[in-house]
Amino acid sequence: MSAAQLYTKYTRVWIPDPDEVWRSAEIIKDYKEGDKSLQLKLEDETLYEYPIDLPGSELPFLRNPDILVGQNDLTALSYLHEPAVLHNLKVRFLESNHIYTYCGIVLVAINPYEQLPIYEQDVIYAYSGQNMGDMDPHIFAVAEEAYKQMARDEKNQSIIVSGESGAGKTVSAKYAMRFFATVGGSASETNIETKVLASSPIMEAIGNAKTTRNDNSSRFGKYIQIGFDKRYHIIGANMRTYLLEKSRVVFQAEDERNYHIFYQLCASSSLPEFKDLGLTCAEDFFYTSQGGDTSIDGVDDADDFEKTRHAFTLLGVKESHQMTIFRIIAAILHLGNLKIQGERDGEVCSISSEDEHLSSFCSLLGVEHSQMQHWLCHRKLVTTAETYVKSMSLHQVVNARNALAKHIYAQLFNWIVQHVNKALHTTVKQHSFIGVLDIYGFETFEVNSFEQFCINYANEKLQQQFNSHVFKLEQEEYMKEGIPWTLIDFYDNQPCIDLIEAKLGILDLLDEECKVPKGTDQNWAQKLYDRHAASQHFQKPRMSNTSFIVLHFADKVEYQSEGFLEKNRDTVYEEQINILKASQYQMVADLFQEEKDAVPATAVAKRTPRINVRSAKPAFKAANKEHRKTVGHQFRNSLQLLMETLNATTPHYVRCIKPNDEKLPFKFDPKRAVQQLRACGVLETIRISAAGFPSRWSYPDFFNRYRVLMNKRDLSKNDKKQICQTLLEDLIKDPDKFQFGRTKIFFRAGQVAYLEKLRADKFRAATIMIQKTVRGWLQRARYQRLRRATLALQRYARGHLARRLFQHLRRTRAAIILQKQYRMLRMRRAFLRVCSATLTIQAFARGMFVRRIYHQMLMEHKATILQKYARGWLARVRFRRAQAAAVVLQCHWRRLRARRQLQALRIEARSAQHLKKLNIGMENKVVQLQRKVDEQNKENKLLSEQLSMLTSAHSSEVEKLKKELQQYQQTQQGDGKQLLSLQEETERLRMELERAHGEREVLEDSHGKERDLLRKRICDLEEENALLKQEKEELNSRILCQSEDEFARNTVEENMQMKKELEEERSRYQNLVKEYASLEQRYDNLRDEMTIFKQTPGHRRNPSNQSSLESDSNNPSICTSEIGDTEDVIQQVEEIGMEKAAMDMTLFLKLQKRVRELELERKKLQAQLEKKEQESKKSQVNEIKTEVTSEHEDFAYNSLKRQELESENKKLKNELNELRKAIADHATQNNSNDVQDGYNLLLNQLKSANEELEVRKEEVLILRSQIMKAAQQKETGKNMESISPNASWPNSDRHVDQEDAIEAYQGMCETNRKTEDWGYLNEDGELGLAYQGLKQVARLLEAQLQDQRREHEEEMEALKNQVDLMQEELEKQQQAFLQTLQLSPEVQVEFGLQQEITRLTNENLDLKELLEKLEKNEKKLKKQLKIYMKKVQDFEASQTMVPVERRPHERNMQVAVQRKEKDFQGMLEYYKEDEPLLIRNLITDLKPQAVSATVPCLPAYILYMCIRHADYINDDQKVHSLLTSTINGVKKVLKKHQDDFEMTSFWLANTCRLLHCLKQYSGEEGFMTQNTAKQNEHCLKNFDLTEYRQVLGHLSIQIYQQLINIAEGILQPMIVSAVLENESIQGLSIVKPVGYRKYSSNAGDSSYSLDEMIRQLNTFHSIMCDQGLDPEIIQQVFKQLFYMINAIALNNLLLRKDVCSWSTGMQLRFNISQLEEWLHGKNLQQSGAAQTLEPLIQAAQLLQLKKKTSEDAEAICSLCTSLTTQQIVKILNLYTPVNEFEERVTVAFIRNIQKQLQERNDPPQLLLDFKHMFPVLFPFNPSAITMDSIHLPASLNLDFLNKV
């Protein structure tokens, strides 16, 4: 196409601008050949004439259409040039806030200077496994591409991150390493990925500093190699460093800082461990204060220092080494503060010996003070004849000091890098690696020195490698597509590299000048002028003889030669180094030991054995060995090694751009951006791409995009490739502008824009035609609408006039009639009012007189009745009180006397009987024991005296009480006299009351008239009151409705909150189960690996290696009592044996303590639950239905909480048993006798503790029985005392103290134990027995005496309390009586009745409580009686059964006998040795297809029938063995079929069915509500399998989670292509607007349709339904799967710009509707799966909504409630118009959205957690199938099972 065709009116172009670099303009006049200028209009509407006839002036660059702006890949633009690239980056950065953009194989990263939420863990998982072109540009996409190519091609990779200071290189490299650490985490427990990330804080502290461009600038280059094994897990890492900027240690420019570590150490100098360093603030040291401000805004140096120390510790650096590092750094600071004194005009210098900084420097480094003081100011000159010591000048001393400081820091830096590498090193063989190169970009300053020269030299080498790699990729792409290859001319910077590194180049001449004794920078610069003056890349400045200019690929740089020689030599005097070598600190001395090789220690290449490094060209050989000592030569060698490594890997490029120098967030400076784009090679990539065919389209995409340009005849063809060729040949006449490849069409630059222009013209013409037709139709419709409206208006106006006349006549007639009727009505109302008033006055007067007489008679009658009842009640109260007091005193006195007599008789009886038993056969030895008997008698006398004293005291107390009682009675008599006086007072008051009544009658007469006058007013008020009442009732009803609504709303909110808490608790619990399963699986894997590792030829397997099933036998044994009992634990240990049991006693005790705590908590919760149940029963009558519902929900929640606590309790017990088993296995493998002895000791201790516990249990049972008997005797005694006055014996119902009884029992036991040790008294030990017997008798007597004393004190306290209570009650009654006397007689009677009713109510409540307790005890006893009767019946039945002996040849006879039985009881019998065969045939080898035609879940029913038979014969070992083998067998099958959905679903259904059977037939009433009578006969009789139900529940959760993982693994690859990319609506094209290049060479990327995904869902559903899985579980499965579909699709949508369009929203909504229809068709709409798709539905609606006005913003905010603010803003930023007729979302609209959504408290994460798993519930689902109706198919090979 000619220029005249392109530069037409309305075409937009780019023109140069001094401020914005490039400026947009629009052509307002067509260009013609020969025109000397272009007529343009700028964006601000100003006209501009662009000259094109001047020398060097050309036609301006064309601007891309708006539809192409904002592309993810710069090479996808139609016009590829500098302004297009700059504008695209600016639009993406400022409008969409996208900091990453592809440029071919380069990722351009612009530093936002702000933290963005795009680096979270979920973003890493979203990019993991994706192709590079499928998602939005990101550093994670580049890292994933490198990781994928390493795994696919088995070739090492490199990521090269470059850019100038402040562009974000270090952060980008850090995020890339974080991606590798997350995706390729180490398989072992070494956490090597954590160590790799921990190296960053250390390297930043010692290698980063604040510069004028960056607050955290890396002042060195580093290349980190992350090693991977064959499974591509991280196994280690290695780091190389390049060209540390040592000069920064001693000098910093203005507003810059030294390395961070110096300021961090100064900020932490106040810590006690750093007191010896002698540090203060950073401003006090010369080396840290030259730049001015020593702080950085927003940076806490002390906090960073703690992170650095933590990183040192994490990498294994010892604390002593850390302190030495800090001492060296502090010594450098003190070295900079030395005060150097000049003498003789500075020719001679000295340092004072009292200089505190010198002393600190020497003490910190451990060197001699005097020697360091001398050699800092002197140097040694060695000649052939002798050696001289010469003083140095002031300038030389300062230089030497600075050189020493730089050398010390450099050596310390290398030592730290070595130790970091040592910490990251691994002995595992490395399979491959990924290298991350974080290196300085091209630098140019006002003053450029040796450091900038080396940096730019390295960038020249990297740019050469980058150019060749880009050129190579382009060539491979053309050759793969079969495009004719033409040589593309690209910039080759080899001449510039030769200028620097070739023989007699700049570095070679520099090294040569360094060898000259008196070489200077000026001489070296002169040699450069002489040697390279003719070079095209070298220039001499006009105004300087000490500078030179090098023309680099990015820009020309002027270098000042001053300091080049000094920095290249890096001279440090040997005498100073020797002093440091003699340091008393070994680490300081080791830093300065000479190495054999001069290559820096950081270049450790031997640790990458898999690298086969070959350079692209022969390595450059050094001219002289002495060159290795210079810095330039070392840097050249290390750079050469780096290039060899990069050439041996596949590179990936990240170019970091600094948008502005002010470090402001999201500010774009075009000048700075263009400068960096030119320097980093991005524009070179654009130029290479533009030179060929930059735009590339696949044939289907081109066909879908430009089909509007084709005619119908071409569209009828089937070959799309031929159609595309025909179209292009017709539209583009120049055949060189495009090429046809095998799969793509290649276009020259600008051709796609031309095609877009043709397409837009076609659409514009069609739009005009549509508009013309629509506008004509609208005008016709408007005319017809106006005509119809006019006719209607006329008709309505005429009708209105006629109606108005008729209305006037009608109103006139009605007015006359109204006047007549009104006059008549007014006169009638006046007459009726007078008549009514007269009648009312008469009626009220007559009624008043009659009522007055009636009230007088009524008052007299009531007064008489009240007096009668009051006097009678008072007399009865006095009598009952006196009678009760007398009875109480008699009872207490008789009981006291009876107890004394009984106690004396018991003591006498016990003493005599015991002595008779002990004195059998001891007649001959009485004399020997007489002395001891006397002593005992004395003691008894003392005790009796004490008893008598207590008795006398007791009697005195009783007398006192009697006196008090008499006084009390006397006071009662006095109260009687007072009552008579009060009655007289009452009579007097009654007389006064009658007189007042008379006065009141007079007053009533006087007020009668006033009452009549107020009568009318009262009527009016009554009417108003009626109205007010009506309004009040309306308000009350309204308030009641509102309160009911509010109450209902609060109830719903509380229910939702409780459900949410329950879901969270269940989720945490199931996560624990999941972690437990994973740990169990990991344990099995490790054990298998250890087994394989230990097996050697010639050895047979150990018992621990035979099977993995034994390790899974972690279920508790069955017992009818509590499972966690200690007796059962001992029994289990004895059964397992010494080889398989061992336990840690301390851990056992801790777990036991935890079990007790959980039991207490469970009891508390149960008590609270019972209280709530009682409250709910009391309030059930007055509550509405909603309250009842809430109470039931509370009850359900509490019961669930209790069950969870019980399950946690049982889980702890299970873990204890597992711990025992694990230690047992460890004990079997350890052959040491010490371990066996220790185990035996622990076992014996546990057994002894158990025996003691059993003794305590028996004693507690005895004491409990005594307490119950005593309580019963007390109750009967209380009932009998009122009938019979007979006295009972003392201490007959005495409560024996538990501790005293236990002590006495232990004493008796000790007597029996120690009998054999008392043989020294006599031969048969009778004397010792007698002595011990007397001792025990005395102890029992003492205990009884103490009990009696305690009881006496308790009785005294009880009596005192009773007296106090009676006094209080008397005072209360007196007060009440006085109050009643002050009241009227009517109120007195009413008050007395209330008091009596209250008393009777309290007594009634006490009796009810006692009755409830008795009923509970009765129920418990009945339940125990039933259990015992059941056991007796079972025992009798087992006795009647004839034992059948097991013989092999009798098997057939037994089967024959079974066939003759008519009734099948639903039990299956098998022999113990057939159990492995049963497990193998029924579980291990069973295929789901084998039982597909039978009853669903048949294996579960068969297993339950076997369990039921074992329960029937009361064989707990058989039940335990069968259930354990079943669980282990299921685990083994699932482990074997980890990816088989059908097998996993089959065993999930069977496990759940077995769990339901154990519940349904457990005998618990809650699970038997739906059972038939026949099914109730099949319940378990002997065993409680609650523990195994818990274990099966855990197993079901594990199987469910495995099922979900399998289904997600199958569905996950389908989701993106089926939901987002698949075009289900034909004709709705969602093709990308330009050719989208993918750089991942993945072959076989499969695309799925929505129908395929729905077919897969159908497969899942049919499998689960056919296998009998519960419908509730199926619903939960699909809810989880649909949540995953929603999360993955939404995450992909949020990370892809190409799918955020209106057409994608339309397509997405259609696809979601298809999924919703599928849910409805499968009757899964109640599962909650459709609700999980709500965020995706709202995202689709957001793409389709209008996005212009504030009303649109409000609609979006109200609609998108399930999307977070970040997600809404992200979708709006990503929204891309498919064609030019759509408009982009403006920045103002997005800001409006953000403002309106500020009140939301959304979570900070952008993406959804697609790995989130909802907690699963297994609701109880009983089966209607009876066990006796199940048939065993012959295909299962279960002939050994016998029906019972």
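Thresholds, definitions, all that
Residues numbered from 1 in each chain as written. Predicted model: local features only at pLDDT ≥ 70, side-chain atom pairs only at ≥ 80, totals over all residues. Heavy atoms only, no water. Helix = DSSP H or I, 4+ residues; strand = E, 2+ residues; numbered from the N terminus. Buried < 20%, exposed > 50% of the residue type's maximum accessible area, 1.4 Å probe, protein only. Contact = heavy atoms within 4.5 Å. Pairing = 2+ DSSP bridges. Core = buried A, V, L, I, M, F, W, Y, C linked by side-chain atoms within 4.5 Å. Expected span 1.5 Å × (residues − 1). Polar contact = N/O pair within 3.5 Å; in protein donor to acceptor, adjacent residues only side chain to side chain. Patch = residues over 30% accessible without salt bridge, like charges linked within 9 Å, V, L, I, M, F, W, Y side chains within 5 Å. Areas by Shrake-Rupley, 256 points an atom, 1.4 Å probe, with all protein chains shown as cover. Salt bridge = Lys/Arg side-chain N within 4 Å of Asp/Glu carboxyl O. Axes fitted to C-alpha atoms, helices over the stretch in contact; angles between N-to-C directions. Parallel < 35°, antiparallel > 145°, perpendicular 65-115°, else oblique. Nonpolar A, V, L, I, M, F, W, Y, C, P; charged D, E, K, R; others polar. Left-handed = near helix turned anticlockwise from the far one by under 90°. Lys, Arg positive; Asp, Glu negative; His and termini not counted. Charge placed at Lys NZ, Arg CZ, Asp CG, Glu CD. Phe/Tyr/Trp six-rings, centres within 6.5 Å; stacked < 30°, edge-to-face > 60°. Lys NZ or Arg CZ within 6 Å of the ring centre and 35° of its normal.

Visitor: Whenever I open this one, the overall build of the chain confuses me. Can you help?
Guide: Secondary structure assignment for the chain yields 50 helices and 26 strands. Counting all 1844 residues of the chain, 43% fall into the buried class. A sequence separation of at least 24 residues applies to 75% of the contacts in the chain between residues at least 6 apart.

Visitor: Which parts of the structure should I look at to understand unusual backbone geometry?
Guide: One non-glycine residue, Asn1514, lies in the positive phi region at around 60°. On the basis of relative accessible area, Asn1514 is assigned to the partly exposed category, the value being 48%. Backbone geometry at Asn1723 places phi at a positive 60°, although glycine is not the residue there. Tracing the backbone shows Asn1723 in the loop between helix H45 (1702-1721) and helix H46 (1729-1732). Overall, Asn1723 belongs to the exposed group, its relative accessible area being 53%.

Visitor: Looking at this model, I keep getting lost on the sheet that holds strand E18 (residues 538-539). Mind explaining?
Guide: The strands making up a sheet associate through backbone hydrogen bonding, with each pair oriented either parallel or antiparallel. Sheet architecture is open: three strands sit in the order E18-E19-E20, paired in antiparallel fashion. Looking at which strands have only one partner, the edges of the open sheet turn out to be E18 and strand E20 (556-560). As defined by bridge partners, E18 adjoins strand E19 (residues 547-551) across two bridges and the pair is classed as antiparallel. Each bridged residue has a counterpart across the sheet, and for Gln539 the counterpart in E19 is Ile549.

Visitor: Explanation requested: the nonpolar core in the structure shown.
Guide: If you look at soluble globular proteins, the nonpolar side chains tend to sit buried side by side. Core analysis: the biggest nonpolar cluster contains 321 residues, and Phe180, Phe262, Phe548, Ile1502, Met1653, Phe1678 and Leu1841 have the highest contact counts within it. When residues of this core are assigned to their parent elements, the largest contribution, 18 residues, is made by helix H42 (residues 1586-1621). Setting aside its immediate chain neighbours within four residues, Phe548 contacts Ile506, Trp524, Leu528, Tyr529, Phe538, Gln539, Pro541, Val557, Glu558, Tyr559 and Phe564. Among the nonpolar cores identified, the runner-up in size contains 18 residues, and Phe703, Cys724, Leu728 and Ile745 belong to it.

Visitor: Got a minute to help me understand helix H40 (residues 1541-1560) in this structure?
Guide: Quick reminder: α-helices carry 3.6 residues per turn. Residues three or four places apart thus point the same way. Compared with the 28 Å implied by 1.5 Å per residue over 20 residues, the 28 Å span of H40 between its first and last C-alpha is a close match. With respect to burial, H40 is a largely interior element, 19 of its 20 residues being buried. Measuring from the side-chain oxygen of the N-cap residue of H40 to the backbone nitrogen of Glu1542 gives 3.1 Å; that N-cap residue is Asp1540.

Visitor: Looking at this model, I keep getting lost on a nonpolar patch on the surface. Mind explaining?
Guide: Nonpolar side chains collect at one region of the surface, where Ile770, Val774, Trp777 and Leu778 lie side by side and expose about 410 Å² of accessible area between them. Relative to the helices and strands, Leu778 resides in helix H27 (residues 751-918).

Visitor: Explain the packing of helix H44 (residues 1671-1694) against helix H49 (residues 1765-1774) here, please?
Guide: The description of two packed helices rests on the angle between their axes and on the distance between the axes. At their nearest, the axes of H44 and H49 sit 9 Å apart, and the two run at 50° to each other. With respect to H49, the element H44 is oriented oblique. Across the interface between the two elements, Leu1690, Leu1693 and Leu1694 of H44 pack against Gln1767, Lys1770, Ile1771 and Leu1774 of H49. Among the residues forming the contact of H44 with H49, the class breakdown is five nonpolar, one polar and one charged.

Visitor: Any chance you could explain the packing of helix H38 (residues 1498-1512) against H40 here in plain terms?
Guide: As a packed pair, H38 and H40 sit with axes 8 Å apart at the nearest point and diverge in direction by 35°. The way H38 lies across H40 gives a crossing that is right-handed. Contact with H38, carried on its side by Leu1498, Pro1499, Ala1500, Tyr1501, Leu1503, Tyr1504 and Ile1507, involves Phe1546, Trp1547, Asn1550, Arg1553, Leu1554, Cys1557 and Leu1558 of H40 and no other residues of that element. Class assignment of the residues belonging to the contact of H38 with H40 gives a composition of 12 nonpolar, one polar and one charged.

Visitor: What should I look at first to understand a positive patch on the surface in this one?
Guide: Among the surface-exposed residues, Lys1413, Lys1416, Lys1419 and Lys1420 lie close enough to one another that they form a single positively charged patch. Positionally, Lys1420 belongs in helix H35 (residues 1385-1440).

Visitor: In this structure, what is going on with the packing of aromatic side chains? I would like to understand it.
Guide: Aromatic rings considered in pairs are described by the distance between their centres and by the relative angle of their planes. The tally for this structure, following the rule as stated, stands at 43 aromatic pairs. Look at Tyr7 and Tyr31: their rings are 6.3 Å apart centre to centre, the planes differ by 70°, and that puts the pair in the edge-to-face class. Taken together, the residues span a long stretch of sequence, with Tyr7 in the loop between helix H1 (3-6) and strand E1 (12-17) and Tyr31 in the loop between strand E2 (21-27) and strand E3 (37-42) at a distance of 24 residues. By way of ring pairs, the aromatic residues Phe450, Phe453, Trp524, Tyr529, Phe538, Phe548, Tyr559 and Phe564 are connected into one cluster. When the ring centre of Tyr125 is taken as reference, the NZ or CZ atom of Lys1811 above it lies at 3.9 Å.

These figures come from the coordinates and say nothing about function on their own.
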